[in-house]
Amino acid sequence: MRRAALAIACVALACEATGFEPEYVVDTLRVLGITADAPFAAPGQSVHFATTWADPLGAGRTIQWAWGTCLNPGSSQIPDCANALDSLAPGTDSFDITVPANALDGVVVGEVGVVFAACAGTLSLVRDPHNGAPVTCKDLTGAPVGRDGFVWGGTRVVVTTLLVNANPSIDKIFIDGTEWAPGYSPAIDSCVGKNVDDCPASAVHEFSYTAKADSAETYDIGAGPTTEELVGWFYVTQGSLTAGYASPNADDAGVPLSPPRFDIAFVPTTSDRSHPLHLWFVLRDDRGGMSIADRQITWK
Amino acid sequence: MRAIGILLALVAFFGVRVAFAQVEPPRIKTEADAHYTGAARGLAREVVVVVTIGADGHVAEVALAEPNGDALDEIALDAARRYEFFPATKDAKPLKSRIKLKLALHGPAQTPEHVEEDAGAPIPPPQTIDAGTSVQTARDAGPPITDIEDVRVRGQKTNDSPTVRSLDRAEIESMPGGLGDAIRPIESLPGVSRAPAFSGLIILRGGAPQDSQVFLDQAAVPLAFHFGGLAAVVPTELVNSVDVYPGNYDVQYGRGIGGIVDIGLRGPSKDRIHVIGKFDAIDGSALVEGPLDDKTRFLVAARRSWIEAYFPALAQALALGVTASPVYYDYQAMLERDIGKRTTLRLTFLGSNDRVNVTLAPSQSTDPAFAGQLQNATDFWRLQLQADAKLKDGTKLFSQISVGQDGLLLDLGSTLNANSTATRVQGRAQADVPITKGLRIKGGIDLEGGQWDYTLTFPQIPGADSPDTGPLFGQKKLTSVRSFGYFNPGAFANVEIFPTKRFRVLVGARVDTFGATSGVYLQPRMNVRWVVRGKDGGKTTLKGALGLYAQQPQVFETDPVFGTPGIAANEATQASFGIEQEIAHRVELSIEPFYKNLFNLVTQRPDATSSSGFHYDNEGTGFAYGVEFLLKYKPDKHFMGWLAYTISRSERRDLPELPIHLFQYDQTHVLSAVGSYSFGNGWSVGLRVRYVTGNPYTPIVGGYFDNNGGDYGPVDKLPIYSGRLPSFFSMDVRVEKKWHILKDSLFSVYIDVLDATNFRNVESFTYAYDYQFHATAAGLPILPSLGARIEL
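Just so it is clear, the model here is predicted, and its values are computed rather than measured.

### Observations concerning the interface of chain B and chain A
Stage number 1. At the junction of the two partners, chain B supplies 71 residues and chain A supplies 57 residues.
Stage number 2. Roughly 5,300 Å² is buried in total at the junction of chain B and chain A, and carbon and sulfur atoms are behind 56% of that figure.
Stage number 3. Its largest share of buried area at the contact with chain A, chain B owes to Phe705(B), Asn707(B) and Tyr769(B), together 14% of the area lost on that side.
Stage number 4. Where chain B touches chain A, the interface holds two salt bridges.
Stage number 5. Between Arg156(A) and Asp706(B) there is a salt bridge, with the nearest N and O atoms lying 2.9 Å from each other.
Stage number 6. The interface formed by chain B and chain A holds 12 residue pairs in polar contact (both at pLDDT 80 or more) in total.
Stage number 7. Going through the elements one at a time, strand E39 (700-706), strand E40 (711-716), strand E44 (762-767) and strand E45 (774-778) of chain B are the ones with two or more residues in the side of chain B that touches chain A.
Stage number 8. A total of seven residues in the side of chain B that touches chain A trace back to one element, the largest contributor, which is E39(B).
Stage number 9. Among the residues forming the side of chain B that touches chain A, the class breakdown is 35 nonpolar, 26 polar and 10 charged.
Stage number 10. Across two bridges, the pairing between strand E11 (residues 150-159) of chain A and E39(B) is parallel. Across the sheet, Gly154(A) pairs through a bridge with Asp706(B), a residue of E39(B).

Dropping the structure here:
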């Protein structure tokens, strides 16, 4: 709720131009999404988690992983789940669980919280008191690894026998209106300009993707039929986007188009021609479902 | 029961003391209203009138103690002649006596509509009566001049609370940095904390904002400000005074464990039709008032903002990434009629409406829950009927019924939605009866009821002290659809006793029940006031108060989906004592330590079996204590000003097993210096300087990736509120020039400059998306506001 207050307050307050790197620029070790094959699961059901992650400047360094779960932690907040764990267990970039049979004991809807940590250093299964992380990540000198090589977080599986929730699906991806098939790497001009306005109009490109028509499911939790909200995220390893995510396009009357389509404009500001341009498209619904696709661009 | 026993014992004890008193001073029976003339415009001062009172209680003679030579002299004499008294007695035999009557007069300073504005308005405030304890009895040798009644001529106030800090309209309008707003200036009073910018909160004596109530003419309203503090919900032109009860208010008020802000509305003018227009960068207002016949008066007023005319362009120019169309308006209508000589009926209809549509670009928010079209609308209206009667024996009767509706619409995408309508009925009837010369009883009923209809769709509602919930997109949503009636009856009574001429004891109790809780809340309260020394060498008054207070849980806290039905009320014990010392002519110092013990506070306890992940219970405790200082120069025709300082501490413990922590609005030091000087040729200059300790905040030590929301959440450093924002400093300047353009007409132009030194006040922090870096968010920079008023 604090972010709600801050978002509204920033309308009124003189929020400084912070110069922070936008979230959509992936230039550190990042987890872009953890896709559960069953965002909603029943007791006893197996759930597989696949991680989509990137370390574009890591030069292939080894990433150590750790995972843990908590059942009905009494809070949907990731830190509360992390604090409920004795420790995480070492693992890989994927993870499997079986929902405990007692997950619905005493509750109508249960939850399995899943906590992960990814470390481009030496991962130690003891809490880090300095940053609240459930593990400690240090480099060869014993110094804490910063944001460039350490990330932790979590996800949730809703335990229920009453509702289902399938992952939404990315259908087609487009660049400048042309369908962009997997494996195809279009070439574009680079731009040395630091700001969008410093680049020529020809450097502006449009990335789009569509979701399959049934991606937004309709469900009822007692307050009438509700349709999932879909949001499309975009990530790039360099350059500028108009925003890091987009809501589905709508017609002039505000009615969302079908199938859902998400558009973002891109300018390759401060192009680093020594690295390819990598993009990720992450489609999420508002109940924990998601799907991810990626593409690459080369420089002319 | 022990409390009742103590009360009865006190009543019995002091009652006996009264019974044995043989000599009684004269007491005011009927106050008179000041009939201001045009010549009194711009004048404000105290006038001391020597009043000789006959054995029949009528005024036999009046004279000025210190003639000043201006129009207020005659106005004061005229008012004093129309006072009526209970005569002084010795062994129950009426005597001729003489007293000094001090009248605080505020002429139609900037507003011709002030002329006779208070005619028909009842009585002076409370302190008048206890000041009466200093009025000494006539002696056989003749009526001596003894002491002074401190009478302010204006609308009715409760006269039983130990501490009421009032700003009248003249003070409000000339307050530097107040932008002429009716409520904002109260932040310069002791016991009032500085609210965060654009929060619109009122924080009294270290209490939570929801603990304090806002009344318009004694009827509760849901909000004080348009748009989180932009402007009060009533225009200043309609305000007679704003009274702040920081705590320990008397039994007449209830349903809160904090303080009260009561905005007293003035009545329509009697003499002729008046028109007022006011315009500035934010809004414009118009008011028309006057007599319909010799007994009936009317007033209509309206105000509307015009920010939406330029804010979208401004936001675009500043590349704020947001477009918004904020609009507010309010309206008031009043009909007042004299029913006989001693009864006045007032029918008031007023309302307020705020709405804003915000388009927030995704580039401005990393959480999709807070991007796109956001809509917020709040409104309320009230129809109030008041009857106010003063009987010949001094009994005062007051009754009021208020009906109205509060509306709320909040639409923040699919994640946060609220649509609520509350139909409210409030009724109050009270009698204030003098039993003997040293005994007065007041009692009444205070009823509140109505109907709530709402639909709420939220993720869980975090408590005030809960950690950040992380991204809201993707969080489990809960929906509650409710329609229910409620009834909160209350009753109160108190007894005022003067065991000696200078000592007043007021004991009483209030009983409340709340529809949302079980149980009956008996809240005994008492206060004492002792005039230790009269005028010679400076009047000295000691005072103290102790009382219990109860407040029902907030609506969502008893909601079956979001909350826990059946929880009990929040409670507090409030205590204060203090001294008021007249240290020079027109200069008074008051020092008032206070302590507030909070218990049975509604807080959240984690609960995996609950749909929201927690349940509410009455496990919270806390306290607030401090000392309030006020050094005030009583206004004269040139100068008004004061120095207010509060040092305090406020802490809370959310659950018994958790450590105690600072309260989120704890402000150790709150210092305000206010001064306004009128040069006499239409020019006036004012200055306000404020220094306030920064609010506590919870530092963030890192961030985590929340896969369901696609965004990062913060990791708080515990204990919560262990950090402090930098201190706040502001120097505000106001310059005003008035011209008399026609007979009885006035035109004025003013410029109010907020934060004239352009001091950069940090209001909060902003963070990088992963909470690894932060920057500061400042409040408004230097802000000049130009305005104009015309009064016809």
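### Focus: the pairing of strand E23 (residues 372-390) of chain B
Residues and elements named next belong to chain B.
Stage number 1. Both strand E22 (residues 343-360) and E23 contribute to a ladder of 18 bridges, which runs antiparallel. Note on E23: the bridge partner recorded for Arg-355 is Ala-377.
Stage number 2. Pairing between E23 and strand E24 (residues 396-412): 17 bridges, direction antiparallel. Note that in E24 the partner of Gln-384 across the bridge is Ser-402.
Stage number 3. If you look at the hairpin formed by E23 and E24, you'll find five residues sitting between the two strands, and Gly-394 has a positive phi there, around 95°.

### Describing the sheet that holds strand E13 (residues 178-179) of chain A
Picture the strands of a sheet paired through backbone hydrogen bonds; they go either parallel or antiparallel.
Stage number 1. If you walk across this open sheet you meet the five strands as E13-E12-E15-E21-E19 (chain A), and the pairing is antiparallel. With partners counted over all chains shown, the strands left at the sheet margins are E13 and strand E19 (240-241) of chain A, one partner each.

### What to know about the state of the cysteines
As used here, a disulfide is simply a covalent bond connecting the sulfur atoms of two cysteines.
Residues and elements named next belong to chain A.
Stage number 1. Inspection of the entire model under this criterion finds three disulfides over all chains.
Stage number 2. The residue that forms a disulfide with Cys-119 is Cys-137, at a sulfur-sulfur distance of 2.0 Å. Looking along the S-S bond of the Cys-119-Cys-137 disulfide, the torsion reads about 80°, which is the right-handed sense. On the criterion of sequence distance, the pair formed by Cys-119 in strand E8 (residues 110-119) and Cys-137 in strand E10 (residues 136-138) is long-range, its members being 18 residues apart.
Stage number 3. Residue classification places Cys-119 among the buried positions, given a relative accessible area of 0%.
Stage number 4. By relative accessible area, which is 2% here, Cys-137 ends up buried.

### Digging into the side chain of Arg346(B)
Residue and element names in this part refer to chain B.
Stage number 1. Among the secondary structure elements, Arg-346 is positioned in strand E22.
Stage number 2. Take Arg-346: its relative accessible area is 11%, and that puts it in the buried class.
Stage number 3. A polar contact of 2.7 Å, which involves the side chain of Arg-346, links it to the side chain of Asp-217.
Stage number 4. Those residues in contact with Arg-346 that sit more than four places away from it in its chain are Asp-217, Leu-265, Arg-266, Gly-267, Met-334, Leu-335, Glu-336, Gln-384, Leu-385 and Gln-386.

### Describing the packing of aromatic side chains
Stage number 1. A complete count under the given rule lists 42 aromatic pairs over all chains for this structure.
Stage number 2. Their ring planes at 65° and their centres at 6.4 Å tell us that Phe556(B) and Tyr616(B) sit as a pair that is edge-to-face. In this pair, Phe556(B) sits in the loop between strand E30 (540-551) and strand E31 (570-584) while Tyr616(B) sits in strand E33 (residues 614-633), placing the two residues 60 residues apart along the sequence.
Stage number 3. Residue Phe556(B) is classed as partly exposed on the basis of its relative accessible area of 23%.
Stage number 4. Look at Tyr616(B) and you get buried, because its relative accessible area is 3%.
Stage number 5. The interplanar angle of 25° and the centroid separation of 6.0 Å between the aromatic rings of Trp739(B) and Phe747(B) together place this pair among those described as stacked.
Stage number 6. Taking relative accessible area as the criterion, Trp739(B) reaches 37% and is therefore assigned partly exposed.
Stage number 7. Ring pairing ties together the aromatic residues Trp180(A), Phe207(A), Tyr209(A), Phe234(A), Phe262(A), Phe266(A) and Phe281(A), which thus form one cluster.

Rules and cut-offs
Residues numbered from 1 in each chain as written. Chains lettered and ligands numbered in written order. Predicted model: local features only at pLDDT ≥ 70, side-chain atom pairs only at ≥ 80, totals over all residues. Heavy atoms only, no water. Contact = heavy atoms within 4.5 Å. Buried area = accessible area lost by both parts, 1.4 Å probe. Salt bridge = Lys/Arg side-chain N within 4 Å of Asp/Glu carboxyl O. Polar contact = N/O pair within 3.5 Å; in protein donor to acceptor, adjacent residues only side chain to side chain. Helix = DSSP H or I, 4+ residues; strand = E, 2+ residues; numbered from the N terminus. Nonpolar A, V, L, I, M, F, W, Y, C, P; charged D, E, K, R; others polar. Pairing = 2+ DSSP bridges. Disulfide = S-S within 2.5 Å. Buried < 20%, exposed > 50% of the residue type's maximum accessible area, 1.4 Å probe, protein only. Phe/Tyr/Trp six-rings, centres within 6.5 Å; stacked < 30°, edge-to-face > 60°.

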